[in-house]
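An overview of the molecular structure
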Amino acid sequence: MNLPSASPPTRPPISAGQFTITAGIAAAIVSAFKFTEFNPLLLAAPGSLKAMAEFALGFFPPDLSFTFLATTLKPAFETIQLATAGTALAILLGFPLSLMATSTFHLHGSLFEGDPIVSKSQKFLFATPYWISRLMLNTMRSIPELIWALLFVRMAGLGPAAGILGIGVAYAGILGKVFAEIMEGADTRPALALRATGATRPQAVLYGILPASFRTLLSYTLYRWECGMRAAAILGFVGAGGLGQQIEISMRMFEHHRTATLIIELFLLVALSDAISSHLRKKFT
Amino acid sequence: MTGTEFNVRIPPRSIAWGKWGWLAALAVLLVWSYSVGEGEILSLFTREGFIQFKSYIKNFWPPTTDGAFLSIVGHAALETLAISIGGTAIAAALAMGLLYFASSEDLIGAGGEWDATAPYQKMLRRGIFISSRALLNMLRTIPEIVWAIFFVFAVGLGPFAGTLALGIHNAGVLGKLYAETIENIPRGPVEALRASGSSRFTAFSYGAIPQASSQLIAYSLYRWEVNIRAAAILGFVGAGGIGQQIHISISLFLESRLATLTIAILILVNAVDLLSGYLRRRLEARF
């Protein structure tokens, strides 16, 4: 009788490619530490330890006096306003771009079945909105919202407007890309059925693809609103108002009790938006 | 009866008042939100606003390309890249170190041993679990820029402070992502190891981690993409990198230099996105 031998499965050998990638990552990390003058001893030096401890202890207890809390109310609301208005602007800019940036609407895919054959140059022409919108979305999201906000500060002045525009443009880049990916992944059968009954391609997209993807788009937008809350808080550091600006001021003035209060408020705000957005997402999906 | 009888009923459209309530609330929220920056935003659309906009945009072109400045930009860009890599590495190491403690009893104690645990041990374990989750939450909630201010104060100006800031903040982010990943793996291997007598830590290391490892690496790479953007702005508080140059150019009204720096960020961010995407695809193909 010939029983198969019960040897344990052998590990596949490490391929040359795997080895190269692992070694490359290790080398990148080591040289990054070298380049940034990484020196953990600096953290453990008695002088800096003492300074850090003093700094950290300075946060306690948080300033919870009523007068101070009352003054933080407006900046806290401002952060919510920045995030909300910024996200709304991002939809306004990002959604139309995402319609242009969806490859299944412009380049190839089942929606093109049965179309008359077009020449190469025509095909190239039809694809231009796709490439232009992709390029725009890429540029918009590659530049961090803080830098967008700074660029807008010169135009709109120091204040919340620059923050709204900054979040709006940067998040439009992200929303546009993700919206396009969602719509590319949508079930095309309803749209195909519409095409078969004579609908044009835009009509098929409008009535066949959009209704099916709507909830996913909404859910992702809510998630972005949540991220916007964090971003809005940071934007304050360049003068866009909100809690971030107050944190920056209190740190510069070494009023660490106040910094602590503001950070707690920021935490509560983010947690609140987290809860609202996940509640709504559950409701909608 | 003539013709074919169709028995298709189209569902009547119902007026969902709840939906309208949500929409109305949303509209109010939007109007209120815009009121905060209304004046400035509207002024952009006036004639003067447009003229100002045009003259501002003109200053950006052409970008500065003299050799001395380009070498500064190159160095700053490398520094930003190094901050993002170092910060991600620190974050991943810290998050891995905390992962065992931040994993729930439900996972590590798989197999129903919880009931047989002594009460004081239960309390101890719960305490460790809750405090490590709380630590991760705290690290994550404090924005990296606040950490950067803190570390500039502790270790002085420069890229080291930025690396630490990114590392600490992202340890919180990655810790949460890692913990969520590990909570969702099949329990079988952990239970099998426990049943054959492995210690809790061994069962965790050999039963849980290998199942999640490719996802953990993918998350770390994804955070690297986020961190390259964050590293580009940490310089505003003196934590090194390209942000410091941007801060200088903005303060001195040197828009053509700003254009060069913005292009540098564009190149850097896209390069990191491409590389990380390539590595993630390799990872998927392998596992």
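That block above? That's the structure.
Residues numbered from 1 in each chain as written. Chains lettered and ligands numbered in written order. Predicted model: local features only at pLDDT ≥ 70, side-chain atom pairs only at ≥ 80, totals over all residues.

1. What to know about the overall build of chain A
Note the threshold: Secondary structure elements are defined from DSSP: runs of H or I of at least 4 residues count as helices, runs of E of at least 2 residues count as strands, and each element is numbered from the N terminus. Each radius of gyration reported is based on C-alpha atoms, and the globular scaling rule is 2.2 Å times the count of residues to the power 0.38.
Tallying secondary structure elements over chain A gives 12 helices and 0 strands in all. Ordered by position from N to C terminus, the α and β elements of chain A give α-α-α-α-α-α-α-α-α-α-α-α. The C-alpha radius of gyration of chain A comes to 26 Å, more than 25% above the 19 Å expected for a compact globule of 285 residues. Dimensions of chain A, computed from the C-alpha atoms along their principal axes, are close to 75 × 70 × 40 Å.

2. What to know about the interface of chain A and chain B
Short version of the rule: The contact criterion used here is simple: two residues whose C-beta atoms, placed from the backbone, lie within 7 Å are in contact. Residue type decides the class: Asp, Glu, Lys and Arg count as charged, Ala, Val, Leu, Ile, Met, Phe, Trp, Tyr, Cys and Pro as nonpolar, and the leftover types, Gly among them, as polar.
Taken together, the 48 residues of chain A in the interface contact 48 residues of chain B. No other element matches the 7 residues that helix H1 (residues 16–35) of chain A contributes to the side of chain A that touches chain B. Here the side of chain A that touches chain B is composed, by residue class, of 34 nonpolar, 10 polar and 4 charged.

3. Some thoughts on unusual backbone geometry
Using the following cut-off: Burial in this document is a count-based property: other C-beta atoms within 10 Å of a residue's C-beta are tallied, and the residue is buried at 20 or more, exposed at 12 or fewer, or partly exposed in between, with C-beta positions derived from the backbone.
In this chain, tryptophan 61 of chain B is followed by proline 62 of chain B through a cis amide linkage whose omega measures -5°. The residue proline 62 of chain B is located in the loop between helix H3 (47–58) and helix H4 (67–102) in this model. Even without being a glycine, glutamate 37 of chain A presents a positive backbone phi close to 55°. Examined against the element boundaries, glutamate 37 of chain A turns out to sit in the loop between H1 and helix H2 (40–44). The backbone of phenylalanine 253 of chain B sits at a positive phi, close to 60°, despite the residue not being glycine. Exposure remark for phenylalanine 253 of chain B: the 10 C-beta atoms within 10 Å place this residue in the exposed category.

4. Comments concerning the nonpolar core
A general tendency of soluble globular proteins is for nonpolar side chains to be buried together. Formally: Nonpolar core, as used here: buried Ala, Val, Leu, Ile, Met, Phe, Trp, Tyr and Cys residues forming one set through C-beta atoms within 7 Å.
By size, the foremost hydrophobic cluster in this structure holds 136 residues, and its most contacted members are Ala149 and Leu235 of chain A together with Ala148, Phe151, Ala165 and Leu234 of chain B. Counting residues per element, this core draws most heavily on H4 of chain B, at 16 residues. Contacts of leucine 234 of chain B, omitting those with residues within four sequence positions, involve Ile83, Glu144, Ile145, Ala148, Gly162, Ala165, Ala239, Gly241 and Gly243 of chain B.

5. Quick word on the packing of helix H8 (residues 160–184) of chain A against helix H10 (residues 201–235) of chain A
Residue and element names in this part refer to chain A. This is how the line gets drawn: Orientation is described by axes fitted as lines to C-alpha atoms, over the contacting stretch for helices, and by angles from 0 to 180 degrees between their N-to-C directions. Note on angle classes: values under 35 degrees are labelled roughly parallel, values over 145 roughly antiparallel, values of 65 to 115 roughly perpendicular, and the remainder oblique. Note on convention: near helix rotated counterclockwise from far helix by under a right angle means a left-handed crossing. Clockwise means right-handed.
Contact geometry of H8 with H10 gives a least axis separation of 10 Å together with a crossing angle of 150°. Our classification of the angle between H8 and H10 gives roughly antiparallel. The element H8 and its partner H10 pack so that their crossing is right-handed. Between H8 and H10, the contacting residues are Gly163, Gly166, Ile167, Tyr171, Ile174, Leu175, Val178, Phe179, Ile182 and Met183 on the first element and Ile209, Ser213, Thr216, Leu217, Tyr220, Thr221, Arg224, Gly228, Ala231, Ala232 and Leu235 on the second. When the residues that make up the contact of H8 with H10 are grouped by side-chain class, the tally is 14 nonpolar, 6 polar and 1 charged.

6. Let's talk about helix H8 (residues 159–183) of chain B
Threshold: For a helix, the expected span equals 1.5 Å multiplied by the residue count minus one. We define the bend at each residue as the angle formed by axes fitted to the 7 residues ending at it and the 7 residues starting at it.
With 25 residues, H8 of chain B should reach 36 Å at 1.5 Å per residue; the first-to-last C-alpha distance of 35 Å fits that figure. At asparagine 170 of chain B, H8 of chain B shows its strongest bend, of approximately 30°.

7. With respect to the environment of serine 104 of chain B
Residue and element names in this part refer to chain B. Tracing the sequence through the fold places serine 104 in the loop between H4 and helix H5 (105–108). Take serine 104: there are 14 C-beta atoms within 10 Å of it, and that puts it in the partly exposed class. For the pair formed by serine 104 and glutamate 79, sequence separation is 25 residues and the distance between their alpha carbons is 38 Å. Residues contacting serine 104, with those up to four places away along its chain left out, are Phe129 and Glu183.

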